[in-house]
Amino acid sequence: MENQNVWIERKTRDYREKCSKCGTPKILEAFNRDKSKFAGRRSECSECSQKYAKKHYEDNREQRKEYQRLYYEVNEKVKMAEW
Ligand SMILES: [Zn+2]
């Protein structure tokens, strides 16, 4: 049983999965866990998902600012109404 575990460990350690975004073969640890995905890993490496998250964040920055401004305005009005 122990030998089998060692064998599996060695196999999975040597195994490289190709990232769907950059196409670079990487070890499984380089992929973020995602329970909804096949094999419990995302198809893009953590580097690529980080890049995507950053881009997504920048794309939504203006929208978020607007939301925060509106939220602040409403909040101020509520505060004034309370006084
Ligand atoms: Zn990648």
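Since this is a predicted model, take the numbers as computed values, not measurements.

Summing up its helical and strand segments, the protein has three helices and four strands in all. For 83 residues, the compact-globule estimate of 2.2 N^0.38 gives 12 Å, and the C-alpha radius of gyration of the protein, at 23 Å, exceeds that figure by more than 25%. For the protein, the spread of C-alpha atoms along the three principal axes comes to 75 × 30 × 15 Å. Per-residue burial for the protein yields a buried fraction of 6% across its 83 residues. Considering only residue pairs separated by 6 or more positions, the protein has 15% of its internal contacts joining residues 24 or more positions apart.

Looking now at helix H1 (residues 2-14). The end-to-end C-alpha distance of H1, which contains 13 residues, comes to 19 Å, matching closely the 18 Å that a straight helix rising 1.5 Å per residue would cover. Burial analysis of H1 places just zero of its 13 residues in the buried class, which makes it a mostly uncovered element.

A word on the environment of Asn-3. Along the chain, Asn-3 turns up in helix H1. Separated by 31 residues in sequence, Asn-3 and Asp-34 have C-alpha atoms that sit 29 Å apart.

The next thing to look at is the environment of Val-78. Mapped onto the secondary structure, Val-78 falls in helix H3 (residues 61-82). Here Val-78 falls in the exposed class, since 9 other C-beta atoms lie within 10 Å of it. Sequence separation between Val-78 and Ser-49 is 29 residues; the distance between their C-alpha atoms is 40 Å.

Turning next to H3. Here H3 contains 22 residues, and its C-alpha end-to-end distance of 31 Å stays within 8% of the 32 Å for a straight helix at 1.5 Å per residue. Of all the 22 residues making up H3, zero are buried; the element is thus mostly uncovered.

Conventions used here
Residues numbered from 1 in each chain as written. Predicted model: local features only at pLDDT ≥ 70, side-chain atom pairs only at ≥ 80, totals over all residues. Helix = DSSP H or I, 4+ residues; strand = E, 2+ residues; numbered from the N terminus. Rg over C-alpha atoms; globule rule 2.2 N^0.38 Å. Buried ≥ 20, exposed ≤ 12 C-beta atoms within 10 Å, placed from the backbone. Contact = placed C-beta atoms within 7 Å. Expected span 1.5 Å × (residues − 1).

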